Amino acid sequence: QNNFKVAVAGASGGIGQPLSLLLKINPLVTELSLYDIVHTPGVAADLSHIETVGKVKGYNGPENLLEALRNADVIIIPAGVPRKPGMTRDDLFNTNAGIVRDLAKAAAEVAPKALIGIITNPVNSTVPIACEVLKQAGKFDPKRVFGVTSLDIVRANTFIADGKGLNPKDVSIPVIGGHSGVTIIPLISRATPSVSFPEDQLKALTTRIQEAGTEVVKAKAGAGSATLSMAYAGARFANSLLRGLKGESNVIEPAYVVSDVTESEYFSTPLLLGKNGIEKNLGLGKLSDYEQQLLKAAIPELKKNIKAGVDFAKK
Ligand code: APR
């Protein structure tokens, strides 16, 4: 098969629009279904004029949600609110947690075979929420639900390439763990090509990769968080899922998934993707002493984030 229905939930947003554009120019996407609570007809009309094969349809508002997701092969979810002045982190959590819960419920009902990629933050918690909701609906398959962490790899590749004067396309840095702050663990000891840095530079680079989202938030000065680079990473991730579904061999992409490679019940590692989603979790591999320390710091934070998600879904 090489024709797929891809649905974007939250398609009118800062991430959703450029992500939808990148999906519209992906030849594997023959049906592009755009869902949001606002502006979807306009975004769909605009994208539909692009001279590529994918048919675009816009679905506006909750009464059209089920149609938007029905029988999708892949669902990518960037729906949510970025933090605004006066909002606490808990406000953001509760709003986005509720949005992901409702979208996962709808997916369980009309697209039980879909591969679901969640971008909505906090990813460390929203992925467990979606998994719990799918479990409650009797439709859970741990091989099919993913938190999109590709942006951490994209950033690590770019920063290390810049630091060494290399072409970023030639650089590959595994990044494992979660998708915020200290839970992000770049494995610079396993860089391709092999690179080395003095200890202080290694620490500074690690921190820059972990805090890269904040770098963008600060630069945007109140106008939101990363949207264009996140859309690029989301499209890269969706393309990997589609290549796997299509039956290509050796498709490897990281994601935050149900996992038993550490004590944390959810963890991001490189995954071999195939016709059913995850074919094989490629695991942690060998870590340097420094990376072991990063892992140790990440686990309690991840567990806290996961518990928050699970508690929300059970309430
Ligand atoms: N269903 C579908 N879409 C929704 C819903 C919902 N219940 N609630 C909000 N949306 C839509 C908004 O209408 C908007 O079009 O989600 C989109 C979000 O876009 P932005 O506000 O521009 O936010 P963005 O920067 O794209 O970030 C979205 O991704 O990285 C994360 O932390 C970020 O959680 C945030 C999300």
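Residues numbered from 1 in each chain as written. Predicted model: local features only at pLDDT ≥ 70, side-chain atom pairs only at ≥ 80, totals over all residues. Heavy atoms only, no water.

Draft legend 1. Looking closely at the pairing of strand β4 (residues 74-77). Along β4, one buried face is formed by Val74 and Ile76 and the opposite face, lined by Ile75 and Ile77, is buried too. Pairing between strand β1 (residues 4-9) and β4: three bridges, direction parallel. Bridge pairing in β4 places Val8 opposite Ile76. (Buried < 20%, exposed > 50% of the residue type's maximum accessible area, 1.4 Å probe, protein only. Helix = DSSP H or I, 4+ residues; strand = E, 2+ residues; numbered from the N terminus. Pairing = 2+ DSSP bridges.)

Draft legend 2. Geometry of the pairing of strand β5 (residues 115-118). Burial along β5 is two-sided: Leu115 and Gly117 and Ile116 and Ile118, pointing in opposite directions, are all buried. As paired strands, β4 and β5 are joined by four bridges and run parallel to one another. Residue pairing in the sheet places Val74 in a bridge with Leu115 of β5. Here β5 runs beside strand β6 (residues 145-147); their pairing, made up of three bridges, is parallel. If you follow Ile116 over to β6, its bridge partner there is Val145. After leaving β5, the chain enters helix α5 (residues 123-136) and then returns to the sheet as β6, a path that is right-handed. (Right-handed = clockwise from strand over helix to strand, strands pointing away.)

Draft legend 3. Structural view of the site of the ligand. Taken together, the neighbourhood of the ligand is formed by 20 residues, with Gly14, Ile15, Asp36, Pro78 and Asn96 sitting nearest. Between the ligand and the protein, one listed contact pairs an oxygen atom with a side-chain N or O atom of Asn96 at 3.1 Å. In this structure, an oxygen atom belonging to the ligand sits 3.2 Å away from a main-chain N or O atom of Asn121. When the ligand is considered free in solution it has 730 Å² of accessible area, and contact with the protein chains removes 83% of it. Mapped onto the shell around the ligand, the elements with two or more residues apiece are β2 (29-36) and α4 (89-110). Taken together, the residues that form the shell around the ligand break down as 10 nonpolar, nine polar and one charged. (Near = heavy atom within 4 Å. Polar contact = N/O pair within 3.5 Å; in protein donor to acceptor, adjacent residues only side chain to side chain. Areas by Shrake-Rupley, 256 points an atom, 1.4 Å probe, with all protein chains shown as cover. Nonpolar A, V, L, I, M, F, W, Y, C, P; charged D, E, K, R; others polar.)

Draft legend 4. Fine view of the environment of Gly61. Positionally, Gly61 belongs in the loop between β3 (55-60) and α3 (65-69). Considered as a pair, Gly61 and Leu21 are 40 residues apart in the sequence and their alpha carbons are 21 Å apart. When sequence neighbours within four positions are dropped, the list of residues in contact with Gly61 reads Tyr35, Asp36 and Ile37. (Contact = heavy atoms within 4.5 Å.)

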